[in-house]
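# Analysis of the macromolecular model
Okay, here's what each chain looks like letter by letter:
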Amino acid sequence: MTNRAGHALLILASTCSLMYVFPFWVAPASAQQGQSEIVIEGEFKGKEGDPAGDLSGIACRVERNGHTCLVVNDESPFAQLAKLRDRRLTSDRTVDLIENLGARLADNIPPAGTFGSEAKARPVLSTRCPDRPLNKDFDEFDGEGVAYTPTVSGGFFYIVGSHACGRGNPTRRRSTHLLARFRIDESGALAEPAELTWRLGEALLKADQVSANYGLLLTEEQKGLDIEGIAALSDDDLVLGLRAPLLGDSDAVILRVRASELFSAAPEQSPSVRVARVSLGGKAGIRDLATLPDGRLLILSGSPQQQPDIPQEIFIVTPSDQPVWEVKPALAKITPPRPEAKAEGIAVLGVAGRTVSLLVLFENIKKDKPVEYAIELP
């Protein structure tokens, strides 16, 4: 089942099951203008086993005993499983993305389960940021977004790297230019190791309106390309949200790609890509994406270049084949636990009528607990 209607039915069935078995995930009328803090149990790990202070993405799969979620932070070579139930997010084991693979991923013949080649997917600009030495590379994935999509035999979790230069260290880490996925069987078990592909870079080279930004520094002057969000419209239709660049200094960018083309071993099959523009007000970029059961997308917006005056908001949009997608506000302003807290990820938990229960994940989970919002959709 690969068409959008089939995908919507799969998600709708999961959501209906969720509302039937776990009614506490359905937004009650009294909470439609409010929010609830999510309690954290256990520890989310960061680089070298330290507590994570930089969570950057989350997606959840509905199961009969709650949600199984996959969480990623942008400074580790792994992702982490978690269980969400009764507004408690409980950490579970980590799952490797690139750990112990190292520079083998950049070989002419990469390890089994790796598609495409690093050389073919790299930016070609002479002005791109310089590569790191191989012996100082592949220590983190720089995962920025997570998506889940159901299939007739289970599902997939996708994890996307930023495909960008470093901000603090303006060099190109090869391992951040990967897209990973875990297959999920009918029981909910992950098939490990993750499948990896370089071929998203090939698609970025063809994304005409932003290809010239691929590989540039993440500064206001150079406006380098930076992927921050991912969602699945179907099991073969992925959308990617760019934090930067903005088109015309005002429109954020969504890229649409085919999973079957990115995870293809056929070198002659070049991945396709479509570019859509969305206006999120002011100079806001995309920080994350999430799919609703009816096929629409939720967009988490925020600052593309660390500008403190750009609010964090949530918008809703209907994907189409048009170059410009019309957006509507869904949550005019996120109220973070602290004024400086950064909203990094969103996950749809359930839908009842026009009200969606939405988890918002903040970067530093030790200081800023995730929040569940009940949002009345337009």
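Residues numbered from 1 in each chain as written. Predicted model: local features only at pLDDT ≥ 70, side-chain atom pairs only at ≥ 80, totals over all residues. Heavy atoms only, no water.

### Let's talk about the overall build of the chain
Put simply, the test is: Under the DSSP-based scheme used, a helix requires at least four consecutive residues in state H or I and a strand at least two consecutive residues in state E, with every element numbered from the N terminus. Radius of gyration here uses only the C-alpha atoms, and the compact-globule reference equals 2.2 Å multiplied by the residue count raised to the power 0.38. In this scheme, a residue with accessible area under 20% of its type's maximum is buried, one over 50% is exposed, and one in between is partly exposed, where area comes from a 1.4 Å probe on protein chains only. Any two residues whose heavy atoms approach within 4.5 Å are treated as being in contact. Note that accessible areas follow from Shrake-Rupley with a 1.4 Å probe, and for residues the cover is restricted to the protein chains shown. For the charge count, each Lys or Arg is scored as positive and each Asp or Glu as negative, with His and the chain ends excluded. A charge is said to be at NZ when it belongs to Lys, at CZ for Arg, at CG for Asp and at CD for Glu.
For the chain, the count of helices and strands is four helices and 22 strands. Its C-alpha radius of gyration of 19 Å places the chain within 12% of the 21 Å reference for a compact globule of 378 residues. With the C-alpha coordinates aligned to their principal axes, the bounding extent of the chain is approximately 55 × 45 × 40 Å. Taking all 378 residues of the chain together, the buried fraction comes to 60%. Restricting to contacts in the chain with at least 6 residues of sequence separation, those with at least 24 account for 59%. About 14,900 Å² of surface is accessible on the chain, with carbon and sulfur atoms providing 51% of the total. Each charge sign in the chain was given a centre, from 41 positive and 50 negative side chains, and these centres are 1 Å apart.

### Quick notes on the nonpolar core
Formally: Note on terminology: a nonpolar core comprises buried Ala, Val, Leu, Ile, Met, Phe, Trp, Tyr and Cys residues joined through side-chain atoms within 4.5 Å.
Counting 28 residues, the largest nonpolar core has Y158, L200, V210, I227, L240, L255 and V257 as its most contacted members. Secondary-structure elements contributing two or more residues to this core are strand 9 (154–161), helix 3 (199–206), strand 12 (226–234), strand 13 (237–247), strand 14 (251–258) and helix 4 (259–262). The greatest single-element share of this core, amounting to four residues, is contributed by strand 13. With sequence-adjacent residues up to four places away left out, L255 is seen in contact with L204, A207, V210, L238, V239, L240, L242, V273, R274 and V275. Counting residues in hydrophobic clusters, the runner-up holds 24 residues, among them A79, L105, F141 and F182.

### Here's the deal with the state of the cysteines
Which entries qualify depends on this criterion: Cysteine sulfur atoms are paired as a disulfide whenever they fall within 2.5 Å.
Taken as a whole, this structure holds two disulfides when the rule is applied. A disulfide bridge connects C60 with C69, and the sulfur atoms are separated by 2.1 Å. Here C60 and C69 share a disulfide; its torsion about the S-S bond, 100 degrees, makes the bridge right-handed. Judged by its relative accessible area of 12%, C60 is buried. Using a relative accessible area of 0% as the deciding quantity, one classes C69 as buried. A sulfur-sulfur distance of 1.9 Å marks the disulfide that ties C129 to C165. Negative torsions about the S-S bond denote left-handed disulfides, and the value of about -95 degrees found for C129 with C165 makes this one left-handed. With C129 in the loop between helix 2 (118–121) and strand 8 (143–151) and C165 in the loop between strand 9 and strand 10 (179–184), this residue pair connects regions lying 36 residues apart in the sequence. Given a relative accessible area of 4%, C165 falls into the buried group. Once the bonded cysteines of the chain are numbered in order along the sequence, the disulfide links fall as 1-2, 3-4.

### Things to note about helix 3
Of all eight residues making up helix 3, six are buried, and the element is well covered by its neighbours. When helix 3 is considered as a whole, its buried residues turn out to be R199, L200, G201, E202, A203 and L204.

### Regarding the sheet that holds strand 10
Strand pairing in a sheet is mediated by backbone hydrogen bonds. Such pairs are either parallel or antiparallel. Note the cut-off: Pairing between strands requires that DSSP locate at least two bridges from one strand to the other.
Spatially, five strands are ordered 7-11-10-9-8 in an open sheet, and the strand pairing comes out mixed. Across the chains shown, the open sheet's two edge strands, defined by having one partner strand only, are strand 7 (114–115) and strand 8.

### What to know about the environment of L361
Checked against the element boundaries, L361 lands in strand 21 (residues 355–362). Overall, the relative accessible area of 0% leaves L361 in the buried class. Sequence separation of L361 and S56 is 305 residues, and the distance between their C-alpha atoms is 7.8 Å.

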